[in-house]
Every structure is written in C-alpha cells, then in structure tokens.
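Notes for the structure review
The residues making up each chain are set out below.
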Amino acid sequence: MIITFDWLKDHLKTNLKEKNLLEQLTNIGLEVESVKSLSGDNELFKVAEIIKTEKHPNADRLKVCDVNIGENEIKKVVCGAENAKEGLLTIYAPPGAIIPKTKTKLVVAKIRGVTSYGMLCSESELNLSDESDGITELSKEFRKNIGKSYFSKSKSNLIDLSITPNRPDCLGVRGIARDLAASGFGKLVDLGEKKIHSKNRHTLKVKINKERGQGCTAFGSCLITNVKNSESPKWLKDKLISIGQKPISAIVDITNYVMLDINRPLHAYDADKIEKGIIVRNSKSGEEFTALDNKNYKLESGMCVISDKKGVLGLGGIIGGTRSGTEFNTKNILLESAYFEPGSIRNTAKKLNLDTDAKFRFERGIDPLSIEDGLNKAAKLIKEICGGEISKIDIQKIETYKTKKIKFDPNIFEKISGFKISLKEMVKILVDLGFEVKKDKERLELTVPSWRPDISQGVDIVEELVRISGYEKIKFIEPIKQRKKSTLNKYQKLFHFLQRSVASKGYLEAITWSFTDKHYNDYFRDIKKEIKIINPISSELGVLRNSIFSNLILYINKNLDRGFKDLSIFEIGPIFNGSNPGEQNTVVCGLSAGKKSRLSWIEKDRNVDVFDVKRDVVQTLVEAGYNSEKFFIDNETPNYYHPGKSGRLFLNNKKNQIAAYFGEIHPNILKQIDIKTESLVGFEIFMENLELPKKTLKDLKLKFSFSDYQKSERDFAFIVNKEVKAQDLIDTISNVDESLIKDIKVFDVYEGDNIPENQKSIAISVTIQSSERTLNENDLEKINNLIIKTVEDKTGAKIRS
Amino acid sequence: MSDLKKIKDEFLSKLSGKLDISEINKIKSDLFGKSGLISTQFKKIGTIAESERKKFASDLNIIKDELQDLINSKTNELESAEINEKLEKEKIDITLPERSFVRGKIHPVSQTIDEISSIFSEIGFSVEEGPDVENEYNNFTALNTPENHPARDMHDTFYLDKKKQKLLRTHTSPVQIRTMLKDQPPFKIIAPGRTYRSDSDQTHSPMFHQVEGLHIDKNINMGHLKGCLNYFIKEFFEVDKIKMRFRPSHFPFTEPSAEVDIGYEMKDGKIIIGEGNQWLEILGCGMVHPNVLKNVKVDPSKFQGYAFGIGIDRLAMLKYGINDLRAFFDCDYRWLNHFGFDPLDVPTNYRGLSR
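Not measured: the values here are computed from a predicted model.

Focus: the overall build of chain B
- Helix and strand counts for chain B come out as eleven helices and ten strands.
- A principal-axis box enclosing the C-alpha atoms of chain B has dimensions of 125 × 45 × 45 Å.
- Expressed as a percentage of its 355 residues, the buried residues of chain B come to 41%.
- Taking contacts inside chain B between residues at least 6 apart in sequence as the whole, the part at least 24 apart equals 66%.

So, the overall build of chain A
- Along the backbone of chain A there are 19 helices and 43 strands.
- Projected onto its principal axes, the C-alpha positions of chain A cover 130 × 85 × 55 Å.
- Counting every position in chain A, which comprises 801 residues, the buried fraction comes to 40%.
- Partitioning the contacts of chain A with sequence separation of at least 6, the portion at a separation of at least 24 is 70%.

Brief notes about the interface of chain B and chain A
- Between chain B and chain A, the contact holds 67 residues from the first and 79 residues from the second.
- Mapped onto the side of chain B that touches chain A, the elements with two or more residues apiece are α5 (108-122), β1 (126-127), β2 (133-135), α8 (222-237), β6 (244-251), β7 (254-267) and α11 (333-339) of chain B.
- With eight residues, α8 of chain B is the largest single contributor of residues to the side of chain B that touches chain A.
- Class assignment of the residues belonging to the side of chain B that touches chain A gives a composition of 32 nonpolar, 22 polar and 13 charged.

Here we look at the domain arrangement of chain B
- Splitting chain B by domain gives domain 1 (3-89) and domain 2 (108-339).
- Of note, the centres of domain 1 of chain B and domain 2 of chain B, computed from C-alpha atoms alone, are 87 Å apart.

Digging into the sheet that holds strand β36 (residues 632-634) of chain A
Residues and elements named next belong to chain A.
- Taking strand neighbours across the sheet as the criterion, the seven strands line up as β28-β32-β33-β39-β38-β37-β36 in an open arrangement whose pairing is mixed. A strand with exactly one partner marks an edge of an open sheet, and here the two such strands are β28 (508-509) and β36.
- When β28 meets strand β32 (residues 567-576), the two strands line up parallel, connected through two bridges. Of the residues in β32, the one forming a bridge with L508 is I569.

Some thoughts on the sheet that holds strand β4 (residues 46-55) of chain A
All names here are of chain A.
- Strand order in the open sheet made by the five strands is β6-β5-β4-β7-β10, with antiparallel pairing throughout. Of all the strands in the sheet, the pair left with one neighbour each is β6 (75-79) and β10 (119-120).
- Bridging between β4 and strand β7 (residues 89-93) involves four bridges; their strand directions are antiparallel. In the strand pairing of β7, E49 is matched with L89.

Quick notes on the environment of F515 of chain A
All names here are of chain A.
- Within the secondary structure, F515 is located in strand β29 (residues 515-516).
- Accessibility expressed as a C-beta count within 10 Å gives 27 for F515, which makes it buried.
- In sequence terms F515 and I2 are 513 residues apart; their C-alpha atoms lie 38 Å from each other.
- With near-sequence residues (within four places) excluded, F515 lies in contact with I533, P536, L541, V543, L544 and R545.

With respect to the pairing of strand β37 (residues 641-650) of chain A
Residues and elements named next belong to chain A.
- Where β36 lies against β37, three bridges are found, and the strand directions are antiparallel. Within β37, the position partnered with D634 by the bridge is R648.
- Counting the residues in the hairpin turn of β36 and β37 gives six residues.
- Relative to strand β38 (residues 658-665), β37 runs antiparallel, the two sharing six bridges. Looking at the pairing, L649 lines up with A660 of β38.

Looking at helix α13 (residues 518-525) of chain A
All names here are of chain A.
- Buried within α13 are the following residues: Y520, N521, Y523, F524 and R525.
- Buried residues along α13 sit against β29, β31 (543-544), α14 (549-561) and α16 (667-673).
- Directly beyond the C-terminal end of α13, a positive phi value near 55° is found at D526.

Notes on the nonpolar core
- I333, L335, I382, L552 and I569 of chain A are the most contacted members of the largest nonpolar core, which has 222 residues in total.
- Not counting residues up to four positions away in its chain, the partners in contact with I569 of chain A are Y507, L508, A510, L552, Y555, I556 and L591 of chain A together with C331 of chain B.
- Listed in part, the 28 residues of the second largest apolar core include C65, I91, Y92 and Y150 of chain A.

Quick look at unusual backbone geometry
- Each neighbour pair has its own omega, and for P185 of chain B with P186 of chain B the value is 5°, a cis peptide bond.
- Here the residue pair E255 of chain B and P256 of chain B is connected by a cis peptide bond, since its omega of -5° sits within 30 degrees of zero.
- Mapped onto the fold, P256 of chain B is located in strand β7.
- Although it is not a glycine, N263 of chain A sits at a positive phi angle of roughly 55°.
- On the basis of neighbour count, N263 of chain A is assigned to the buried category, with 24 C-beta atoms found within 10 Å.
- One non-glycine residue, D674 of chain A, lies in positive phi territory at about 60°.
- Checked against the element boundaries, D674 of chain A lands in the loop between α16 and β39 (680-686).
- A count of 7 C-beta atoms within 10 Å places D674 of chain A in the exposed class.

Here's the deal with the pairing of strand β10 (residues 304-311) of chain B
Residues and elements named next belong to chain B.
- Taken across its eight residues, β10 has seven buried, putting it largely inside the fold.
- Bridging between strand β5 (residues 207-217) and β10 involves eight bridges; their strand directions are antiparallel. Opposite I216, over in β10, you have G305 as the bridge partner.

As for helix α10 (residues 423-432) of chain A
All names here are of chain A.
- Along α10, the positions that sit buried rather than exposed are M426, I429 and L430. Considered in projection along α10, the buried side chains sweep an arc of 95° and stay on one side of the axis.
- G434 lies just past α10 and shows a positive phi near 105°.

Points about the packing of helix α2 (residues 21-32) of chain B against helix α4 (residues 50-89) of chain B
All names here are of chain B.
- Relative orientation of the contacting elements α2 and α4 amounts to 160°, with a least axis distance of 10 Å. Taken as axis vectors, α2 and α4 run roughly antiparallel relative to one another. Every pair of crossing elements has a handedness; the one defined by α2 and α4 is left-handed. Every residue of α4 that contacts α2 at I21, I24, I27, K28 and L31 is listed here: L67, I71, K74, T75 and L78.
- Each residue belonging to the contact of α2 with α4 can be placed in one class, and the counts come to seven nonpolar, one polar and two charged.

Regarding the environment of D308 of chain A
Residues and elements named next belong to chain A.
- Within the fold, D308 resides in the loop between β19 (304-307) and β20 (312-315).
- Sequence separation of D308 and F219 is 89 residues, and the distance between their C-alpha atoms is 14 Å.
- In this structure, D308 is in contact with I274, E275, K276, G277, I278, I279 and L313, ignoring residues within four places of it in sequence.

Overview of the environment of A268 of chain A
- Structurally, the position occupied by A268 of chain A is in strand β15 (residues 267-270).
- For A268 of chain A, a count of 24 C-beta atoms within 10 Å gives the class buried.

Description of the packing of α13 of chain A against α14 of chain A
All names here are of chain A.
- At their nearest, the axes of α13 and α14 sit 8 Å apart, and the two run at 120° to each other. Our classification of the angle between α13 and α14 gives oblique. At the point where α13 passes α14, the crossing takes the right-handed sense. Listed contacts from α14 to Y520, N521, Y523 and F524 of α13 are F549, S550, I553 and L554.

Remarks on the confidence of the model for chain A
- Residues with a pLDDT of 70 or more make up 99% of chain A, whose mean pLDDT is 91.
- Between the elements of chain A, mean pLDDT differs from a low of 78, seen in helix α17 (residues 697-700) of chain A, to a high of 98, seen in β28 of chain A.

Quick notes on the rules
- Residues numbered from 1 in each chain as written.
- Chains lettered and ligands numbered in written order.
- Predicted model: local features only at pLDDT ≥ 70, side-chain atom pairs only at ≥ 80, totals over all residues.
- Helix = DSSP H or I, 4+ residues; strand = E, 2+ residues; numbered from the N terminus.
- Buried ≥ 20, exposed ≤ 12 C-beta atoms within 10 Å, placed from the backbone.
- Contact = placed C-beta atoms within 7 Å.
- Nonpolar A, V, L, I, M, F, W, Y, C, P; charged D, E, K, R; others polar.
- Domains from an automatic or database assignment.
- Pairing = 2+ DSSP bridges.
- Core = buried A, V, L, I, M, F, W, Y, C linked by C-beta atoms within 7 Å.
- Arc of directions from axis to C-beta.
- Axes fitted to C-alpha atoms, helices over the stretch in contact; angles between N-to-C directions.
- Parallel < 35°, antiparallel > 145°, perpendicular 65-115°, else oblique.
- Left-handed = near helix turned anticlockwise from the far one by under 90°.
- pLDDT = per-residue confidence, 0-100.

Here it is in structure tokens:
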C-alpha cells in the first residue's frame, strides 16, 4: 500500500513531521517497507512529443528520435523502445535528471556513436508502475502540456507500507489515518460526507441469483446519466500521480481514488452497453469474456460473474470486461459497489492467475457497510467533474451483515501483555479505533467496527490495545537459568557426535537441498520409490532425494571442475522413502575423491580406496560407542556401489539392521556422470538403524580390568581358497579361546608365485595373554596348535610351512 | 711398593691416555673381570694376616672405587662424544614440508544450530524435531491458517500430491503442534531444522533453516518473550548490549504478534550488531493463538505462552559476515573451507560459543 503524507492529511490533522510519521507507522504495525522519492528534482521530467524517428545507423534495435520539449531546439534522443514513434506523447528526462528507479544521473552520452541528449522514460523507470515495456504513452490531452513538468511540485514522498493480510481496512488511506489517530498521532478528520438525495429512478434492474456458492452477497449501484467523461482535473491527477498511479479518465480515476482513499473498490460500467439489467450469478463452465487487461478468460463453473442478457460482463470484485468498459464518449454510467466473499474471490483469482487491486482488497475483506459511502462519494465526484444526473441508490442483498459483539475481560490484557494500562485508556483506544464500548460490570461490551474482519475474540482486543499503546511498553523479564529436562535426547546426542566425528576425519560438511535432479536421484535410488514434487522450482529439483549421494556427487564434480583433486565432503541429513510425514531417515553420507596422498618428497602416491572409507565408518562407530569386535560385515550392497569393492556393516551378527554401507561408487555411474577422478569412494551410516547406546559414559567407565602378565605374539600364514574371507579366519581364531586371544591382526594377503591357483595366503598375527598367569612355552604351543587345527578344520585352510 | 699401589699407578696412567671404548672395556675386564687384577686382590683378602687384613681391604676398596669411577667417567665421556658425533651427521632440513594432512570442517549452519541450542539450553529449553514432509493440517490448519486465507500466500509451498495434503514444511512451527499433541504442558522447546518455500533469488533459497521456540506455562506473558529473545540475541552475537525493537505484526498462529528488529551499523563494509541507527529484521514471534492451543487440546484459559521463529541461515550470515544465502548450499570447497568450523570447536556454555 503506497501513501503520501499529503494524502494522509486529508484524513488526519497533525502537526508532526513525516519523520515521526514513519516511525509511528512501524510502531503500530503498519510497517514502512520503503520511502521513495518520486521526484527529487521532478520538475525536470517534461511532457514531450516525438516528432521524428530514424533507425540508428549502427544498431538495429535503437532509434534516434527528434523530441519536442517545448523549446526552440529539438532534442536528439537515442531510444530502444519499440513503441517510440512519431507523434507519441511521452516523458522526457534531460541530462542531469536522476532516474527515480535506478537513482542514476543522466549525462550526455554517445550510444553506439550517436550522441543522445537525455532519455525517454518508461513508467517503471519513473516508479509510476511496473510497466517497463516501452516508454510512457500519454493521452492526447497532454499535448497542451508539452514542455511542462509531468509531475506536480509535491514534495511528498512515496511511503510504501507492508500491510499484513489481517488489516484490509488499512488498504485505504483513511484506515491508516484512523490507526495513527488512535495512537495519539493526530486527530481523524470528520469528512462530513452527505448522502445522495435523488428523486431519479434507478432504471436498471439488478438481481443476485440465490444459488449455491454465490460469491456476491450485496450489490449496490446507482445510475449516472448524461455525463461527459474527460481527463481528470489537476488535483485528482496529481493525487494519483503522487502515489505512482497513471491517470486514465475522470471516471476511472474517481473509482480508483475512492478505492485508495476509503478502501471501497467500485466499478463503473457504460450503462448503454448493458443488455437489459444485471444478473450476478455463478459462471457456467466454458463461458468466456475479454477483461480490461485485454486478455480473454475462459471460466470454470461456479465463479462469481456480473452478467447481462448477452453474457459475462466481468468477474465480480476482480476485473471488469471490455464490452461494458467506460470510455471518453461514455454517456451513462452504472456505478457498482458490492460485497464479494473473500473465499470466492480467492478461488477464482487463483484459478485464473489474476491479481488486481480490487481482488487484493476483496479477498482480505471489504467493509460490508461501506457500499453506500462508496457510491455517495464517487457519484458526487463524477457529477462534479463530468456532470450528469445521479439516480437513487439501489442495494440488492441476499445476506445481511451482522454486527460482531465481544465481551471483553479487561484483566486478560495484563495477563497476556505483562503490563498495565487503565480502563479509561483502554476505552479511549477502542473508541478511537471505531469500537462501540459499553461497560458491563467487570467487562466491556464491544461492538466491532464493520471494517475489522480480523477481530472476533478477546485476544484480538488485547492485540489492538498492546499495538496502540506501544510494544515498547512491554517489560523485559529476564529468563531464569534453570534446566528441568536435558537439552538433547540420546538420538540427538548421537547425531551431534557422528557429525563432528566424521568431520574430524577430514571431511568438509556440506548442506545440500533435500530435493534433487531426477536423473541423479535415479543413479542412487536403488529399489526406493521416486517422490515427486508437484510444483518444483525447476525440473532439476523435481524429486525428494532417496540418497544423499545424488547431491554430493554433483557437487564433488563441480569442485573437481574447479580444479580441486582430492576432496572429501559429507552431509548428515534426511533421505526420503515415501511421501508421508515420517517416511524419512537420517543418514551420514560421505564421499571422497582423488588420492589419499599425492607423491611428495616424503610420501608415496596413493588413491583413496574402500579401506579408507571402511576405516572412517568403523572408527566413527567405535568412537560413538559401538563395539567393533561385534561388527558383522558382508558384501551385499545397493547397485550404486562397485559390486566387488563395497561392504555392508551390521553392529552385530544378528544382522537386524544395516548400520552402514561403504565402498567404491559404481564405475558405470562415474562414466555416465562423466566425473574425472582417480577414485571415488563413499559411505552411508543410517542413524535410525544404530541402536542407541544403552550405557552412559558414567556406566562405561565404572569397570576397569587389565592384565599385567606377559603377552606373546605368534604369526601364522594360512593358504586358503580365494573366496574365504579374512573375517572368517579372524572370527574362527577369536573363538578358539576368547579369554586368551587378545588381538588378531592381518599383516599380509598374498596371491601369486608359490601359491596354488585360486588360493591365497593370509598372514595373521595373534596376541595371546592370560589375565591369571604368565603362559609358558607349553601353554603357548598348545594354543598354537589349537588355532591351526581349528582354522584348518573350519575353513579348509592349510598352514603354510 | 705394594702390589696395590703398583696396580693403581699403572692403570691410572693407562686411563689418562686417549682411549676408545674397546680399550676401556679391556681395562675394565683386566681389572674387574673374573681373574682381573682387582678381583684377584679381593680373593687374597682371606690369606692376609689378621693384623694387616683390615687396612689391606680398606686400601683395596679405595683403589677399586677410584679406578671404577675413572672408568665410568671415561665411558660416559666417550659415549656422549659418540652421540654428539652421530647428531652432527643426523641434521635434516626441518623446513621441508610435513606429511600431508586434511582438515574437516563443520558447516556454519550446523555450528549456528549448536550455538543456538547451547544458549537456549542454559535457560531450560530442550530440542525437539519433526519431519521435513508434513501434512497440510500440521503446517497450516492447526496453526490457525484456514483454507483460503491470504496468509497462505506468504508461504509458497512445495506440494507432494495433487490434493495438497502433503507438503514440505514451510516453517518449523508444525513441531509445536507435534510436541503439544504428544505431551502435556508445560512446554519449553526449541526446534531447529530445514524448511522449504518455492522461492529462489539472492536472499531466498528454496530450502533454508529455522529454529522454532515455544514456551507454554501458566503465566507466561509478552514480557517473558521479550526477556528471552533479548537474552538470546545478546548471547548469540556475543555482545554486552543490544538494541532491539519489537513491532506489531501478524501471523495467524500468534496473537499479539511481533517482528523483532535489531540495531546495527555498517563499518568498513561490515555489519556491526548492536550499534547504530539502522534496523534489521531478524525474527517473528508472538503469544501462541488460543485457537492453536485449542487445536492441540491445551486449555487456553489455563495455559498461555509465546512462540518464535528465527531464520538460522540469516543469523549465521549476520554473525559471520556471509553475504550470499545461496552459497550455503552450493557446496563450494573454498567456501566450506573458509566459513566452516573446526569440529573440535564445539559451542558450549562453559567455554563459550566461539574462540
């Protein structure tokens, strides 16, 4: 909502300055979004006429225009607008003028070799409207103004207010003035509008069809006959220009002015173009009409239309049609002032993707009792400016507005706001805002003003009182430093732990979007269901991610393109398994590309490999409190991992839930994405599948036992079939005697010379220690033999001699 | 001259020369070996006449100690000379680079969430979470945003079905609803998390982060709200004083509602929080609307309180001088390295939020 201080003064008597006004508006909840100067040196912008255009010699799209600005000298201006043509009246800005929109100062400049003296302006450059297609086109009435300043000399700034959707009443200047007056900023001016006293009959029949979902509940109108539509008088034009609107014709300007002034949208029809009266009804599917925006709309059924015998004239409360629009030669007018249901307006506008000033107001709720005021004010102005005769007002209704009453307990004010104001003060504020107030013992009996659809209960009244008294009156109550419940639960603690644990292993934490590109998602979807977003921001962000890899691989690739070679990133966040709330899992997903170490004076070159990520996963889980001795690992992994170089990890051999996957990313995916790196390995840890540690640190630390007896290390080399897993040997050995075997390490795996085909040698070092005594040679020999025998029996291995 | 004196003189003179370690070892065994000269003398003690025995033994011990000390000191001397010589050869160019290392980092949003949690932890809030995919009821209707209300325009929502029943939550407020439906009052929670709106430009990203706050108890009023937020902002920006402005606003789920601005000024292109005459909007808040409480079966005549929603990304931008919101999710290695935090920098109450 754009206002000026000058306009506000039509409704508000105040001695305060604009600076105070801006502060006060924000203080009472009418936030000042911006203050723009329409003008600055606005006299510089002149009405001008293009008298000749020529093609620019060096640019196809540019024209060189000869412009008459009312001086002897004709100005040469280079212009790129398509609508720049001979005879066009427009607005000229000379060198030195500051363009309101861009705040840039014009200078004489050569444009592709041709010197341009100044500029022809579009409406958007002048902050007149959002219209940026072409330069401003002025009506021929402006011809007599050539050389004069387009803007009046108003020094008033454009104040752009962000009006919250609950305050339709403040979409008119008067509503804003009322709020300011209530807050002590001035006095609301009594306009003393008089009613129309007419004896002329209203001869046009209006009917509101009583049907289901009828969006119009009241339709007020009057006829004004024998008018002479013209250009608006200067005061009215200045008023509209002052807030950045373009004057059109007196009748249209008056309806706009009344809407902006008292928030009462109106519509003027050329009465002679209406066939036999008005019918307000639901549209039929397929009906069409051309609206005032010159677009053709095809309607669905059930939209509220204003129609005549011939068909649709306009969409009630949204936009009128060209068939019955007023023009300069219009003689007889039907002026409409109606009430349309917000929900109906909203549905229709949404379906047709239409947004107009009237729609914006009706969908928020117009004062149902303003029908007559609007007709009175506008009809009188039309008579004043365009002459003619006003008929009696006719109001058709299918519903009557019921005043809202609230019984308000003044004590709840302090209970909610935390501060006190006197009852007298409360009453004053409410009366100033337009409430009728009766005292009823302990309570206030309030009648809510008809322009406040947002108020229906006590807390709404509290809000009004706090707002107008000033939020600065609210006290600061210091919070108490006391904790009754732990801040994080076990799951959240684990989340934090895993996050920082992975980061500490050299991974940069990334946060990527929860949605992703369908193609990337497909690479990592495996057997999961694709979850589409119905209205994505772009097709590349069209599905919820089934895996974090899809995003990480995309970004790894971007970083590789930036010239980085060795990259490790991770993300901890949601992946989605379905489109219902809760069908999501938290995953810690890491991806490493390139080399673990590059050749240097001290290090050898080595690609990052599956055992790097295996270490990261295992170490992270161990740090988080899980016992790696119980981990069970096999090689069944989703199809996006290298089938031979990836693993699946369970916290124990019950294999209930998959704790993690790790491995090389499938080479096919690398090929398809065209990712160029020496190696790409990744992991996923599934948080919901990690049983929360049962023991707290406190419990874990209680028991401490160790053995001081001598340790012995014994090395074994077994020849086994290729398929035998190292883990099988380790498990077998550790089961031989859990009390004596303290540690098992694989120190060599070898295939090739001296080893039969399809077999391999695995060399293992076993640490043996008793917690009761020092073992002698005999004991060691015994356990040695037992290890060899058990491994040979259980795995088919042969000890290598 | 007695044997002892002779041994002593002879070996003192031997030891005074320049010797290497094997020569010293030879002397040592000549003297103290099994049949060394000194050892032999000790064996003689028993054969010596009673009257001289004591003196002999005493002299012998003195000589033994003297020679032994000398040998020890000679050995030490040689050994340290040897080490010194070795060290001389072992000098390396210490300016050569160390073995390579990599540093992981925590994303500034995660760090900020931890900072926020740490601050609210101190005044008794606990952390709650909710799903990213929400139903229409929790995201809008339960929060007093009826169908066809223009307030829904404020949230350009991503939907997952044509009936618009399932959506990506547009704010963290549905966690209020979930929390209150699940438990009994009082409630004192914060809920950080991802939020989504179909909006994308310099200052808007289709995904961003919010933290919701909710405190419901018997007598929680707007003064508590103001005090809590003032405390939070001061702690978060690690300043002693903060300029804060509450101004009326409108949200369907709170009434009265407020937006909160903090004072700032620009110094050398950087935002300085807490000073100056400029205002910066940082959060929305208000008293939880009685309709919301009714929707979650909390009696508004008995319980009341406040809620707030803060943009986490925006807070991080302000605190750490990050200009572009989109960069948060762009995963640029250089950016993550620059704005990321060391994983050991865990924000806590006792060591402070940052170094």
